[in-house]
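Residue-level structure breakdown
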Amino acid sequence: MTPMLKNFPAFLFAFLLALPLLIACQKSATPKQEIRFGIAQAPLNLDPRYATDAASERVNRLIYQPLVDFDATSKPAWILAHGEAINALDYKFTLQKKVNFHNGDALTAHDVKATYDSLLSLKDSPHAAEFANIDTTEVIDDKTIIFKLKQADTNFISKLIIGIMPKSLVEKSHTFSHNPVGSGPLKFQSWQHDLKLIRTSDNQLITLQEVKDPTVRVLKLKKGEIDLIQGDLPPELVKHLQTMPGILVDTGLGANYSYLGLNMQDGLLKNLKVRQAIAHAIDRQAIIDKVMVSNSRIASAILPPEHYANSDNVLIPYSYNPTLAKKLLIEAGVKLPLKLEYKTSTDAFRVRLATIMQAQMAQAGIELEIKSLDWGTFFADVKAGNFQLYGLTWVGIKTPEIYAKAFGSDYFPPNGFNRGRYSDAQLDKLLAEENWPAVTQRIHTQLPYIPLWYEGQFVAMQENIKNYTPKPDGNWDGLAIIETSATIARQPQKAQLQ
Amino acid sequence: MKIFALSILIFWLLAVLIGQVLGLQANTIDLNAILDTPSAQNWLGADDLGRDILARILEGIQVSFFVAIVVTVITMLVGVTVGLLAGFYGGKVDAFLMKITDIFLAFPGILLAIAFVAVLGAGIGNLVLALCITGWVSYARLARGQTLSLRNRQHVLAAESLGATVPRLLVKHILPLLGSILMVEATYSLASVMIAEASLSFLGLGIQAPNASWGAMLRDGVRYMLVAPHYVLVVGLSLMSLILAINLGGDYLRDKMDVRTEAN
């Protein structure tokens, strides 16, 4: 007997033991490698009727499809339908393509009606007020729907950005929030700790993994435990990643507007000269150069220069000039140093920026006291008008209506976002005329906000990841076309800890 | 070990004094020196806003000591008073005061402090208040236990029968015997208050920017651990050495002053 045969039972035993292992190996060698995306904050609600946080909206853009979206200049662009105004109050939309929901149902005008009708009937939806102007919706045939409005609204088309949901499930009160069904490029698979989505075109699995701590996110990327990360990192870490072999960093312009909000009811801040002094007391270029990611740029208005409402408008940014700022304060009759309280969240990056502005303003005779509050308290104070100055960022704003909501005198919270309680008859008139260049100009000279910057966008990824670029508003639309090339050897996967 | 602890303590106490004398430029921002490594200009390097880490460490320790000492003195006064009264009078007074103490004891101290700061708002005043509200309990229990056993000592009974008033009994005849054990407790609580202050500042709920605090510096340092490890290391080691020294000092005091250990 050869040694091999003599040990045959042992071999058989070993083979049987190894069998599951071999099968497992075969399984993991499927051509489509999962793409793991590390995000700072997991989505909270995947029902487009309720979603308000940035992560949910970004995921919903991929799971659902709306009637309308925005192009690069933020003009409305047709997605599912083409439409036109029949008269001032009636709009007709025709579905263009044959589209199926992920559950197999065909998307028809009935689904559009069901989505918007349910939105209108929900009292607790944060988006319901936006559509309160819709009187009725009427299905003409499977492809055609008519929206009838209560009042004329020239911006109506650009509001139809809510993802369409299947009628059959809407009627059954399906829990879209944690089990979404749409018609977008990504199909929901599961959501335990990680949110797993499958691309319908090629079955590519995409996993969204929440990793709150920026350092941990960077380490996981370095170790190959995640494939890409986007945004929410201090610029020093981005620069660190740029030097790492095997990691690609791509940056792009941002369109999210950071600003200092002022309380326009405050005795001191009512004075335009004081507001101008604050604007001249901040060296925004120095902050952008030293502590922000590349491609960040000075802002002058909520909507960026490439936005259509802003295109012919030249706004001259307020220069850094502490001497002028001091002079303005003295002209305003303020006793120096001027003491102001600045509220911000406990986020370390926000506190860091606040500290720099504090030092810069000191040069101009402004003594800024920083109050960093936990998010709940901070945001409640901002909404209640309980502040002198606060710092926030507008994310994903596309329509010029934001100017009315943020500065119109009819839009004090809770009706809108005029948190500084700014009331200006001349601006109200321009808003009513929808004369956006004049509106922007007026806001720029009156300074109910001190404009700061649009923070640059960036994405850092393993070098085998392709077709993903950062978008100006930080959305994750690139996941619809992202590719991973199997040709480049991947680092071995770490043992699954969770 | 004793010398080691003592020398670190003296070192940090000197640091407090030096900081006072020198008039530190701990808040001077230099955007060109962000996260610089140690150099002739910045001996321990610069932080995420280009401020001198050494100056901020020295300013931070002043804050640390200030908070720790104020909180320890206040909590000791409150706690010892409650404990003495409860132990001396016993009965319903004791039951009532101890019930209150138990309620406070039932909460995790740091969580209660976080809740207080969240409600009251951040800042050094509220931080001291929050730590005081949670810190007096241990003194109260300790003082009560000791007072219970001292209450019926011969010299106390003798003084009482000679007509000594209650305050006189408490202050002259009972408190002096509590001195040593309270001293040891105070040393330990000094260290724990420092940690608590650092923890709250770490969470962004303590000392407000731009004032330096070790907790806040640690928080910032952790964010840049990958690119500027010197920042978090310097602050972490400082905090560790100080707390270690205080605790070793406490051990030493206990060995010296606690009669029970000596008898063993």
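Residues numbered from 1 in each chain as written. Chains lettered and ligands numbered in written order. Predicted model: local features only at pLDDT ≥ 70, side-chain atom pairs only at ≥ 80, totals over all residues. Heavy atoms only, no water.

Observations concerning unusual backbone geometry
Glycine aside, residues mostly have negative phi, and peptide bonds are mostly found in the trans state. All names here are of chain A. Rules: Numbering of helices and strands starts at the N terminus; helices are DSSP runs of H or I of at least 4 residues and strands are runs of E of at least 2. Relative accessibility under 20% of the residue-type maximum defines a buried residue, over 50% an exposed one, and the middle range a partly exposed one, all with a 1.4 Å probe and only protein chains included.
Following Leu336, the chain continues to Pro337 via a peptide bond in cis, the omega torsion being -5 degrees. Relative to the assigned elements, Pro337 resides in the loop between α10 (322-331) and β15 (338-345). Between Pro413 and Pro414 the backbone carries a cis peptide bond, its omega angle lying at 5 degrees. The residue Pro414 is located in the loop between α13 (401-407) and α14 (425-433) in this model. One non-glycine residue, Asn467, lies in positive phi territory at about 65 degrees. Mapped onto the elements, Asn467 comes out in the loop between β20 (465-466) and β21 (483-484). Take Asn467: its relative accessible area is 47%, and that puts it in the partly exposed class.

Here we look at the packing of aromatic side chains
Selection rule: Any pair of Phe, Tyr and Trp rings, taking the six-membered ring for Trp, is counted once the centres come within 6.5 Å. Such a pair is stacked with planes under 30 degrees apart, edge-to-face with planes over 60 apart, and tilted for the rest. We call a charge positioned over a ring when the NZ of a Lys or the CZ of an Arg lies within 6 Å of the ring centre and within 35 degrees of the ring normal.
The tally for this structure, following the rule as stated, stands at 24 aromatic pairs over all chains. Relative to Phe379 of chain A, the ring of Trp375 of chain A lies with its centre 5.2 Å away and its plane at 15 degrees, an arrangement referred to as stacked. Of this pair, Trp375 of chain A and Phe379 of chain A are both found in helix α12 (residues 375-384), 4 residues apart, which corresponds to roughly one turn of the helix. For Trp375 of chain A, a relative accessible area of 49% puts it in the partly exposed group. Judged by centre distance (5.5 Å) and plane angle (90 degrees), the rings of Phe88 of chain B and Tyr89 of chain B are edge-to-face. Judged by relative accessible area, which is 6%, Phe88 of chain B ranks as buried. Clustering of aromatic rings is evident, with ring pairs tying together Tyr257, Tyr259, Phe387, Tyr390, Phe407, Tyr422, Tyr449 and Tyr454 of chain A. The ring of Phe88 of chain B carries Arg151 of chain B above its face, with NZ or CZ at 4.1 Å from the centroid.

Brief notes about the pattern of salt bridges
Residue and element names in this part refer to chain A. Formally: Whenever Lys or Arg places a side-chain nitrogen within 4 Å of a carboxyl oxygen from Asp or Glu, that contact is recorded as a salt bridge.
For the structure shown, the criterion picks out 32 salt bridges over all chains. Ionic pairing is found between Glu401 and Lys159, a salt bridge with its closest N-O pair at 3.5 Å. Within this pair, whereas Glu401 is found in helix α13, its partner Lys159 is found in the loop between β7 (144-149) and α5 (167-171), the two being separated by 242 residues in sequence. In this structure, Glu369 engages Lys371 in a salt bridge whose closest nitrogen and oxygen atoms are separated by 3.8 Å. The exposure class of Glu369 is partly exposed, given its relative accessible area of 43%. Classification of Lys371 as partly exposed rests on a relative accessible area of 23%. Via salt bridges that share partners, Arg61, Asp69 and Asp477 belong to a single interconnected network.

Some points on the confidence of the model for chain A
Residue and element names in this part refer to chain A. The line we're drawing: The predictor reports its confidence for every residue as pLDDT, a score running from 0 up to 100. We call two residues in contact whenever any of their non-hydrogen atoms come within 4.5 Å of each other.
Across chain A, the average pLDDT comes to 88, with 91% of residues at or above 70. Here helix α1 (residues 3-6) stands out as the element of chain A with the lowest mean pLDDT, 49, in contrast to helix α8 (residues 272-280), whose mean of 96 is the highest. Confidence over residues 24-30 falls short of pLDDT 50; this stretch has 0 contacts with residues more than four positions distant or in other chains.

So, a nonpolar patch on the surface
Under the convention used in this document: Every patch collects residues that have over 30% relative accessible area and no salt bridge, joining them within 9 Å if they carry like charges and within 5 Å if they are nonpolar side chains (Val, Leu, Ile, Met, Phe, Trp, Tyr). Working definition of accessibility: Shrake-Rupley area with a 1.4 Å probe, residue cover restricted to the visible protein chains.
There is a patch of nonpolar side chains on the surface, built from Leu6, Ile10, Leu14, Leu17, Ile18 and Leu22 of chain B and spanning about 580 Å² of accessible area. Mapped onto the elements of the fold, Leu14 of chain B is located in helix α1 (residues 2-22).

Side note on the sheet that holds strand β17 (residues 389-394) of chain A
All names here are of chain A. Stated formally: What makes two strands pair is DSSP finding at least two bridges between them.
The strand order across the open sheet formed by 6 strands is β14-β18-β13-β17-β15-β16, and the pairing between neighbours is mixed. Two strands lie at the open edges of the sheet, namely β14 (297-298) and β16 (366-373), each paired on one side alone. In this structure, β15 lies alongside β16, joined through 8 bridges in parallel fashion. Following the sheet pairing, Glu341 is matched in β16 by Glu369.

Comments concerning the pairing of strand β4 (residues 81-85) of chain A
Residues and elements named next belong to chain A. For β4 and strand β5 (residues 90-95), the ladder comprises 5 bridges, and the chain directions are antiparallel. When the bridges of β5 are listed, Gly83 appears paired with Phe93. Between the end of β4 and the start of β5, which pair antiparallel, lie 4 residues.

Observations regarding the sheet that holds β7 of chain A
All names here are of chain A. Short version of the rule: Lines fitted to C-alpha atoms define the axes, with helix axes restricted to the stretch in contact, and inter-axis angles between N-to-C directions lie between 0 and 180 degrees.
The strand order across the open sheet built from 4 strands is β4-β5-β7-β6, with neighbouring strands paired in antiparallel fashion. For this open sheet the edge positions go to β4 and β6 (134-141), each flanked by a neighbour on one side alone. Within the sheet, the average angular offset between the axes of one strand and its neighbour, ignoring direction, is 20 degrees. Bridge analysis of β5 against β7 gives 5 bridges, and the strand direction is antiparallel. Bridging from a neighbouring strand, Asp90 pairs with Lys148 of β7. Sheet contacts for helix α4 (residues 109-121): β5, β6 and β7; angle to β6, the most-contacted strand, approximately 165 degrees.

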